Amino acid sequence: MNRPSMKRPSMNRTSPLRSLFLVTAIAAAIPVACTAQPPANPIAQPPAATPAPTLVSGLPDFTNLVQRVGPAVVNIRAEIAPRRAARAQQQMPDEEQIPEIFRRFFGDDMPFPGQGPGGPGPRGPRGGGASLGSGFLMSADGYVMTNHHVVEGADTVTVTLSDRREFPAKVIGSDEQSDVALLKIDAKGLPFLRMAPANGTKAGQWVIAIGSPFGLDHSVTAGIVSAVGRANPYANQRYVPFIQTDVAINQGNSGGPLLNTSGEVVGINSQIFSNSGGYMGVSFAIPIDVAMSAAEQLRATGKVSRGQLGVQVQQLTGEAVKAMGLPDSSGALIADVLPGSPAEKAGIERGDVIRAVDGRTINDSADLPPIIGNMAPGTKAKVTLFRDGRTIDKTVTVNELDEVAGNGGTAPRPAAESGPGKPSGGNALGLVGQDLSPSDRQRLGLRAGEGVLIRNPGDSGAEAGLRPGDVVLQVGRSSVNSAAALDRELGSVKSGDTVMLLVRRQGSTQFIAVTAQDDAQTG
């Protein structure tokens, strides 16, 4: 019987089991080959087994501070009624007369949430407008501090807390000069911020801002204090010694707190210096002691009262220091004293230099208004003066500031229209003066027999900044009332000498230092 033949599997074939084994083996070998073989020349060294040592230490970490104080920072939305917005747009007064909220609504080269520079502000229902800003709680029962310009002209103000609760706010009071507004919401048991001690902020220290730039709530930025006691020449707030910082502040940060590393409020973010409408590295905050003084008065009386001396001051220049024989450039030069003012009653005169008030040094003219302005009317102050080479003290009782008092008259007409006044005969400065008529003096707000009109300032005077139409009131401390008197007072001036002239120009009075040149023309 024939058996069926038994053939072995051919060696050139692979059984299914063997194939599966080979595939599995190859698949398992691939990742091993990829990971187990490092490149011969790696681009960078692999991470070390132990962490690298820290090369920078001591950097501030603000996380704990922000968690602690952040809930007391609020968002503020100030809205104008649609009808008022439309009416204001139709009338459109001059830009400087438009309240801040209308400027933001209609656009004034400042960015808005979701808009580029110069775009319109966010619109409310039926064409109304809104201003967005920041603020902070200063008491558990709902008092809120913010900027005057955030709520100026608003019909309704809404405060939004960090937990998204919204409250209608009552404006207790608002002060344009300090740019401070005090609001009140109806709530209890709220988180609030502590105020820092006065005069504790120093240049170079770390500060933090929390606010709502471009509507982005609770944004945190940090930097250092760049300067303190800074006068802002671009704002009409001469009674505020600003804190200047490099903290990033933008539209919507206004009214938010500037904090020290203890979480205390050192100031209220108020302004930025910018050519573009956005942050450029210079920010200004209102010192918290100035803001608190305003807030307490707003709560008590609804307005802020300030003290005044009744003087007009100017910055000392190097030429003025030399001409007046001052030991240094510290002080505020008095250019004018208002009739009947506390300064006049105390015997303070034009040409005096205020060096200190109650022992506080006046480094420059911008230091004086905040010190006096923050005094309550009726306060007695010791004013230290430099006069005729010696230091004297005067006791002054400040009265309440009157913003409109002391405004001078208008500029005089050209000399050809002022009548045939007698011209001067010449002097070492080359300054040609002309007598003023009684009607000219009345129009200029001058006293009877006061001042000499400048017809030609000459080379020396023109270089110092004198113009035709200026009125010279004094040469040094001596008053002049005629062209002849002007020549007489300048008669002893020699080439190279510097003389101080008190000049009235368009209602403003200032001293101008003039140095006699060798080629000064006389006429």
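Draft legend 1. Layout of the pattern of salt bridges. Under the criterion given, the structure shown has 20 salt bridges. Notably, a salt bridge pairs Arg387 with Glu349, separated by 3.9 Å at the nearest N-O pair. Of this pair, Arg387 sits in strand S19 (residues 380-387) while Glu349 sits in the loop between helix H8 (342-345) and strand S17 (353-357), and the two are 38 residues apart along the sequence. A relative accessible area of 11% places Arg387 in the buried class. The partner of Arg477 in a salt bridge is Asp388, and the shortest N-O contact between them spans 3.7 Å. Of the two residues, Arg477 sits in the loop between strand S24 (471-475) and strand S25 (478-479) while Asp388 sits in the loop between S19 and strand S20 (390-397), which places them 89 residues apart along the sequence. Look at Asp388 and you get exposed, because its relative accessible area is 59%. A cluster of three or more residues bridged by salt bridges with shared partners is formed by Asp336, Arg350, Arg447, Glu450 and Arg504.

Draft legend 2. A look at the sheet that holds strand S11 (residues 257-259). The strand order around the closed barrel formed by six strands is S8-S9-S10-S13-S12-S11, and the pairing between neighbours is antiparallel. Between one strand and the next, the sheet's axes are offset by a mean angle of 45°, whatever the strand orientation. Judged from the three bridges that link them, strand S10 (residues 242-245) and strand S13 (residues 283-287) form a sheet pairing that is antiparallel. Directly across from Thr245, in S13, lies its bridge partner Ser283. Strands strand S12 (265-272) and S13 of the sheet are contacted by helix H6 (residues 288-301), whose axis makes an angle of about 50° with S13.

Draft legend 3. Representation of H6 in the model. Taking 1.5 Å per residue as the helical rise, H6 with its 14 residues ought to reach 20 Å, and the 20 Å between its terminal C-alpha atoms agrees with that figure. Looking only at H6, the buried set comprises Ile288, Val290, Ala291, Met292, Ala294, Ala295 and Leu298. For H6, the elements touching its buried residues are strand S2 (129-137), strand S3 (143-146), strand S6 (170-175), strand S7 (180-184), S12 and S13. Positive backbone phi, at 85°, marks Gly302, one or two positions downstream of H6.

Draft legend 4. Focus on the packing of aromatic side chains. For the structure shown, the criterion picks out two aromatic pairs. Summarising the aromatic geometry, the rings of Phe242 and Phe284 are spaced 5.7 Å apart at their centres and angled 65° between planes, so their arrangement reads as edge-to-face. With Phe242 in strand S10 and Phe284 in strand S13, this pair connects stretches of sequence that are 42 residues apart. The pair Phe242 / Phe284 is uniform in exposure class, with both members buried. One cation-aromatic arrangement involves Lys184 over Tyr143; the distance from NZ or CZ to the ring centre is 5.4 Å. Just above the ring of Tyr143 sits the side chain of Arg299; from NZ or CZ to the centre is 5.7 Å.

Draft legend 5. Molecular detail of the environment of Gly142. In this structure, Gly142 sits in the loop between S2 and S3. Its relative accessible area of 0% is what places Gly142 among the buried residues. For the pair Gly142 and Pro191, spaced 49 residues apart in sequence, the C-alpha to C-alpha distance is 9.1 Å. Setting aside anything within four residues of it in sequence, one finds Gly142 in contact with Leu137, Leu183, Lys184, Ile185, Ala187 and Leu190.

Draft legend 6. Broad picture of the pairing of strand S23 (residues 452-456). Bridge count between strand S22 (residues 432-435) and S23: four bridges; the pairing is antiparallel. Among the inter-strand pairings, Val432 is bridged to a residue of S23, identified as Asn456. Where S23 meets S24, two bridges bridge the pair, whose relative direction is antiparallel. Each residue of the ladder has a partner; that of Leu453, found in S24, is Val471.

Draft legend 7. Main features of the sheet that holds S6. Taken in spatial order, the seven strands make up an open sheet running S5-S4-S1-S2-S3-S7-S6, and their pairing is antiparallel. Since the sheet does not close on itself, it has two edges, and those belong to strand S5 (166-168) and S6, each with one partner. Strand-to-strand twist of the sheet, defined as the mean angle between neighbouring strand axes without regard to direction, takes the value 30°. Across four bridges, the pairing between S3 and S7 is antiparallel. Looking across to S7, one finds that Tyr143 is bridged to Lys184. Helix-sheet contacts for H6 involve S2, S3, S6 and S7, and the interaxial angle to S7 is about 55°.

Draft legend 8. Region of the structure containing unusual backbone geometry. Of note in this structure, Arg164 is not a glycine but carries a positive phi near 75°. Position of Arg164 among the secondary structure elements: in the loop between strand S4 (156-160) and S5. Even without being a glycine, His218 presents a positive backbone phi close to 55°. Secondary-structure assignment places His218 in the loop between strand S8 (206-211) and strand S9 (219-230). His218 gets classed as partly exposed once you look at its relative accessible area, which sits at 30%.

Draft legend 9. Structural detail: the environment of Ala464. Along the chain, Ala464 turns up in helix H11 (residues 458-464). Classification of Ala464 by relative accessible area gives partly exposed; the value is 30%. Separated by 51 residues in sequence, Ala464 and Thr515 place their C-alpha atoms 7.7 Å apart. Once residues within four sequence positions are removed from consideration, Ala464 is found in contact with Ile512, Ala513 and Val514.

Reading guide: rules and limits
- Throughout, a residue's number is its position along its own chain's written sequence, starting from 1.
- pLDDT decides what is reported in this predicted model: residues at 70 or higher carry local features, side-chain atom pairs at 80 or more are listed and counted, and totals for whole chains, interfaces and linings draw on all residues regardless.
- Only heavy atoms go into the side-chain values, all of them from the structure, while hydrogens and water stay out.
- Each reported salt bridge corresponds to a side-chain nitrogen of Lys or Arg within 4 Å of a carboxyl oxygen of Asp or Glu.
- Helical segments are the DSSP runs of H or I of at least four residues, strand segments are the runs of E of at least two, and each set is numbered from the N terminus.
- Three labels apply to residues, based on accessible area from a 1.4 Å probe with only protein chains included: buried if under 20% of the type maximum, exposed if over 50%, partly exposed otherwise in between.
- Note on pairing: DSSP must find at least two bridges between two strands before they are called paired.
- With axes taken as lines fitted to C-alpha atoms, and helix axes fitted only over the stretch in contact, angles between N-to-C directions fall between 0 and 180 degrees.
- Here a residue-residue contact requires only that any non-hydrogen atoms of the pair lie within 4.5 Å.
- Expected span of a helix: the number of residues minus one, times 1.5 Å.
- Pairing of aromatic side chains here covers Phe, Tyr and the six-membered ring of Trp, requires ring centres within 6.5 Å, and sorts the geometry by plane angle: under 30 degrees stacked, over 60 edge-to-face, intermediate tilted.
- By definition here, charges over rings are those cases where NZ of Lys or CZ of Arg is within 6 Å of the ring centre and within 35 degrees of the ring normal.

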